[in-house]
Structure formats: structure tokens, C-alpha cells
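Commentary on secondary and tertiary structure
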Amino acid sequence: MSPRGEVLTVTSLTKRFGKVSAVLDLSFAVQPGRVTGFLGPNGSGKTTTLRCLLGLVQPTSGTAQVGGHDYRELPHPAAVVGATLEASGFHPGRTARGHLRVITDAAALPQARADEVLELVGLTEAAGRKVGGFSLGMRQRLALAAALVGDPGVLILDEPANGLDPEGIAWLRSFLRARAEEGRTVLVSSHVLSEVQQTVDDVIIISKGRLVQAGSLEELTGAGLTQVRVRTPQLEVLRAALLAEAGSGGVHVEVVSPVELMVSGLEAAEIGHLALRQQVELHELTPVGTDLEALFLELTADGNPGGAA
Amino acid sequence: MSMVRSEFRKVTTTKVLLWLTIATIAFSALNVVLLVFLTPRAMDIDSDLNLLLDPAYVTNILGAAGSSSIFILILGIIGMTSEYRHMTITSTFLVTPKRPRVLIAKGITYALLGAALGLIAFITSFAVTLIALMTEDHAPVDAIIALQILGGVVLAFAIYAFVGVSVGALIRNQVAAIVGALVWVLIVEALLTVFVDWIGKWLPGGALNAVLQTTNVTGRGGADILPTATGVVVLLGYAVIFGILASLTTLRRDIT
Ligand SMILES: Nc1ncnc2c1ncn2[C@@H]1O[C@H](COP(=O)(O)OP(=O)(O)OP(=O)(O)O)[C@@H](O)[C@H]1O
Ligand SMILES: [Mg+2]
């Protein structure tokens, strides 16, 4: 039996560092059995939020809890939560195996776990090498191995794909997916939406320490930002018709060139129908899918925080 | 218990302990050699004054073991501060989020290491003393006093390593903590002892000397020292008070 996932709850969390508000009145919940992406631009407060969840940073106000408990109150934290954090370090003179055994000892886990998790992350060959000589990707794998020693039901990973090669990223994806399917809680941060869009079920997007959007990925991509590329010699006529349609809301038209438009908020069929009604000649009508990057940029743009939920 | 094992593994999987053990051995040996060969007679300053015929002097040469105490303090300081330096403190606090427990586990671990190094220092000074005296006329070594010195060094180093851990918890920056400790021990405390004569014996170095029972031996004397038992309590008091202060302040800080 794999361990039970726990719900992570962040409630009205605020953290100030001097004058900087790293996190501001942030609330969200992360459910077990799903992979949740925690997204936001650089400096938006992701790492700070995760550190609050892990008892490393004391919130200025509000709470961040694991299964309804403060991390510091967990009797056996390594068996409940496994975490990797960007600034967590290794002693350069210690071997990979040594680093993990320090943890298995402290967590009262069998020593053999060290080699098991090294195998799992593909570091068996480097087990006896000093971490000082490790590449970024190898450190990332070792950090992941450390998170896994207690076979925890909750995984909290801060930018785990950083430094991984494509093979490593693909492996990580299927690994996290499998963990979620076992009923564990998986929270993965990233500053690139496209990086996690193939991996996650749910997304939490923050900007400047505030919540921008929380929900399933479908909800997000269904938010009317499916794009359609339209080529037509009668661009102005079609544009006017589309904008008239936009009066009903949610439609966005962008002029790419004198003969090309990018339309979001309308299905290709609807645009085709509109063109037919206006007797506009079409040379191309191609759904190009959701531009998640554009969506992400729009959601997290200046002045937007808190707006689009 | 598992946490103490983890601390032992931390220190045995890096090189610091090895280097400081070598330093302890070398410094103890060096001090014995100086005490044997830099006597007035050996240096032809006063050929009638043969200190090596004085049983008290000969026995107290063994007290040179205590001269490496500074390395023990540094060992404790590094034991704590290297966690912040290499940011391994993150994984340490993830496994043990109740932070004072980490401090206690380190205190116990380094006290045991300090005791072991005290034993090593004593064995070194004992062996080097016997070898150095082989070619000299000398008074016999008093076994009872030798055992007292052994007990003193082991106990003093055990507590002093714990003091180092607490200092390291209070001053998280490794360089600042080591430099600060050296400046304190070698300059501030020495000056305070000279200018305010009653205070010296109550300071950490003074209490250390009381436990080592060596002030009169190595000739650093002048200032009187506390009874050994009082010295133990005072030195332990510093370790505990620094540790509690750290638990209330620096140990609580955010790890970012
Ligand atoms: N220890 C600290 N002292 C002062 N300011 C801090 C500290 N830690 C974080 N901050 C500030 O808090 C804000 C949020 O930082 P955080 O590291 O949480 O962002 P992030 O979303 O993880 O960014 P990135 O994508 O770059 O990792 C930033 O403005 C940062 O400068
Ligand atoms: Mg970050």
C-alpha cells in the first residue's frame, strides 16, 4: 500500500521580508491524487510559500498546513512529506550515498533506503562520488532522491525540472503521474506554464505574492483563449464583424499582418460561419490551440494580480 | 538517538574532524617538546635549575594535552555553522523541524567527540613526554596526578566542544563565528583577565582552565582559578546559556 496523500492548505498566508511582501493574503488548497502545478513568474513568491508549508519560514500571518497540521507538528515528517527546494544544499565533500544516509539516520529509516532511492533516480553509478563534482542535473536528482527516502504521501518539488535533460524530464513526468495515481499529493512549482502543461491536472497561478487563478487545467484552457489563425484578403471587413461579435465578451482579435488575424474566444466554426455571412473570402482557418504562454503572461501581467479568478 | 547517529555520520563523512584531530595531536606534541626542551637548564640559561627533577613539573608536562582546546572549540563551531554555509540546514530541519532538538543532538555528539579528542590529546602528550624524557634525568611521573589530568582534559574538551556548537548556533556565519571565538579567547579574555583580575576565572577560558587544572602548569598562571567542580558547572553553564539564547533567536530565523 502506498502512503496516503494529504491535503495541503494555504490560508490567508502573508510573508514579509522587511518591506518586501513576498506572499500576500494567499489562499489555496492542493488535493491528493492529482498533480498540481504551482506557477508564477520569478520572484512571485512560490519558493517562499513552499518554505512556509515546510516550516522553514515563519509566516507573518496566516497558515500553511499539511493535512491540517503545521509541518513542525508532524511526528515523522520525512514519512509524510518529501520536498526539494532550490536553495537546499549539499556538503561538497560528502558522497551522494553519504548525504542520503545522513537523512535516513536522522529519520530513523533503514540505511538501505539510500541505495534504493539512488537507483530510482538513476544515480546508482554516482553513489560513491562526492557531490562537489556533480552537475546541476545530478544535484537535482539527488535532491529528489532525498525527498523520496521516507516514501512520503506528499511531494513538494520546487522547480524539479531545472537542469534535467529531456530524458530526465520525461521520466519525472511519468514518475509524478504514477505517484498521483497512487493517491499521493504532488505539488510542483515552475515559472513556465508550458513546461508543466503536459504534467499537471490542476494549476495554481500566483503573481506578486497574490493568487491569480486556481483550478483544473481544463478550466484554465477552456477560459476562452483557444486561438484560431485566420488569413483573408478582406481583413478589415472580417475584423469589424469579429469585433461586433466581441461585444458579447471574451473575444480577442489581433492583427498579425495585413492578411492575417489571430482570434481567441471563438471556435473556428463560428469564425467560418461569420465569414460566410459577411461574404468574406478565407484563405486559412486554423485552430492553433491554447497559447498557454500568452495566457500565462496575460494572467500574471502587471496590474492583473487577483483579477482573473 | 537516531539524530546523534546522523550527526556522527555528518562529521565522519567530511574532512574537518580529521584535520582537527591532526592539529590536536600535533599541538599537544609540540607543547610537550617545548616544556621539556625549553627549560632554563636545557637552554643553558641556568644550569643549576633543573625543572625536570621536580616531580610536579614533570607530571604537569602531561597537561600540555589541554593546549589544543582551541581546535575543539572550532570543531564545535564548524559542526553547526557548516550546515548554514552549505545550506544542508534545509534538509536537516526538514527531517527534524523541532530545531532545538538538532542543537541538543549536536551538543551530545560533539561532547562525545570532544571527549575522544581529549583522550587522544592525553595519549599523545603522555607518549611524547615519555619519549622526550628518555634521554634526560627526570623525576618520576605521578600516576594519580596524571589520571587527574586525563580526567580534566576529557571533561574539559567534551564541554568545550558543546560550547562551540552553541556559539555556532548563535553566530551562523562560519567565518565570523571562528574569528570571533579566536579574538575572544586570544585577545579579549586575555586583556580582561589582566585588567579586571577577579573576572578572569569566571570567563569561559578561565572556567576551561579550572576543568583542565593546568593554569599553574603551563606558566600562563597568575590569575587564580575556580575549583574544578565549579569550573565544570560554569563552563557547562556557558554552553547551555548560549544554546538557549540561540534557540530563542538565531535558530528560529527563516531558512531561505
Ligand atoms: N530571505 C529573503 N530576504 C528578503 N527578501 C526575500 C527573501 N526571500 C525571498 N525574498 C523576496 O520575496 C519575493 C519572492 O521570492 P521567492 O523566492 O518566493 O520567488 P519565486 O516565485 O520562488 O521566484 P523564482 O521563480 O525566481 O524562484 C522576491 O521579491 C524575493 O526577493
Ligand atoms: Mg523559487
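Being a predicted model, the structure only gives us computed values, none of them experimental. Numbering of residues starts from 1 in each chain and follows the order in which that chain's sequence is written. Ligands are numbered from 1 and chains lettered from A, in the order in which they are written. Per-residue local features are limited, in this predicted model, to residues with pLDDT of at least 70; the limit for side-chain atom pairs, both in listing and counting, is 80 or more; totals at the level of whole chains, interfaces and linings are taken over all residues. The basis for every side-chain value is the complete set of non-hydrogen atoms in the structure, without hydrogens or water.

Whether a residue is near a molecule or strand depends on its heavy atoms: if one lies within 4 Å, it is near. Within the structure, ligand 1 sits among 15 residues, and Gly43(A), Lys46(A), Thr47(A), Thr48(A) and Thr256(B) are positioned closest to it. Ligand 1 sits at the junction of chains A and B, each of which supplies nearby residues. Gly45(A) places a polar main-chain atom, nitrogen or oxygen, 3.0 Å from an oxygen atom of ligand 1. The helix and strand labels rest on DSSP assignments: H or I over at least four residues marks a helix, E over at least two residues marks a strand, and numbering proceeds from the N terminus. Mapped by element, the contributors of at least two residues to the shell around ligand 1 are strand 2 (20–30) and helix 1 (46–53) of chain A. With three residues, helix 1 of chain A is the largest single contributor of residues to the shell around ligand 1. Residues belonging to the shell around ligand 1 are distributed by class as follows: four nonpolar, eight polar and three charged. Polar contact is defined as a pair of N or O atoms within 3.5 Å, subject to the rule that within protein one atom must be able to donate a hydrogen and the other to accept it, and that residues adjacent in sequence are counted only when both atoms are side-chain atoms. Under the grouping applied here, Gly and all other residues not named as nonpolar or charged are polar, the nonpolar ones being Ala, Val, Leu, Ile, Met, Phe, Trp, Tyr, Cys and Pro and the charged ones Asp, Glu, Lys and Arg.

A few words now on unusual backbone geometry. Residue and element names in this part refer to chain A. The backbone phi angle of Glu159 is positive, close to 45°, even though this residue is not glycine. Note that Glu159 resides in the loop between strand 6 (154–158) and helix 6 (166–181). Backbone geometry places Gln279, a non-glycine residue, at a positive phi of 60°. Tracing the backbone through its elements, the reader meets Gln279 in the loop between helix 10 (268–278) and strand 13 (284–290).

The next thing to look at is the side chain of Ser166(B). All names here are of chain B. Mapped onto the fold, Ser166 is located in helix 7 (residues 143–170). Think of it in three bands: residues with accessible area under 20% of the maximum for their type are buried, residues over 50% are exposed, and the middle band is partly exposed, with areas taken using a 1.4 Å probe on protein chains only. What makes Ser166 buried here is its relative accessible area of 0%. Excluding residues that lie within four positions of it along the chain, Ser166 makes contacts with Ala239, Phe242, Gly243 and Ala246. Contacts are assigned to residue pairs with any non-hydrogen atoms lying within 4.5 Å of each other.

Glancing now at helix 4 (residues 112–120) of chain A. All names here are of chain A. Considered for burial, the residues of helix 4 that qualify are Arg113, Ala114, Val117 and Leu118. Angularly, the buried residues of helix 4 cover 135° about the axis, an arc narrow enough to put them on a single face. Elements that come into contact with the buried residues of helix 4 comprise helix 3 (96–106) and helix 5 (136–148). Phi for Gly122, located one or two positions after helix 4, is positive at around 75°. In this context, the arc is that of the directions from the helix axis out to the C-beta atoms.

What follows concerns empty space enclosed by the protein. In this analysis the probe radius is 1.4 Å and the grid spacing 1 Å, with only protein atoms considered; a cavity is a set of points the probe fits into but cannot get out of, a pocket is an open set with protein on both sides within 12 Å along at least five of seven lines, and lining residues have an atom within 4 Å of a point. Grid points are joined across faces, edges and corners, and a volume is the space filled by probe spheres set on the points. By the definition in use, this model includes four cavities of 30 Å³ or more. In this structure, the largest cavity occupies an estimated 220 Å³ of space. Lining the largest cavity are 21 residues, with Ala83(A), Ala146(A), Ala147(A), Ser91(B) and Leu94(B) positioned closest to its centre. Of all the elements in the fold, those that place two or more residues in the lining of the largest cavity are strand 5 (81–84), helix 3 and helix 5 of chain A together with helix 5 (89–95) of chain B. Per-class residue counts for the lining of the largest cavity are 13 nonpolar, eight polar and no charged.

All names here are of chain A. The terminal C-alpha atoms of helix 5, which comprises 13 residues, lie 19 Å apart, in line with the 18 Å expected from a rise of 1.5 Å per residue. With respect to burial, helix 5 is a largely interior element, ten of its 13 residues being buried. In this structure, the buried side of helix 5 is in contact with strand 5, helix 3, helix 4, strand 6 and helix 6. By this rule, a helix spans an expected 1.5 Å times one less than how many residues it contains.

So, to be careful, I would describe these as geometric facts and stop short of saying anything about function.
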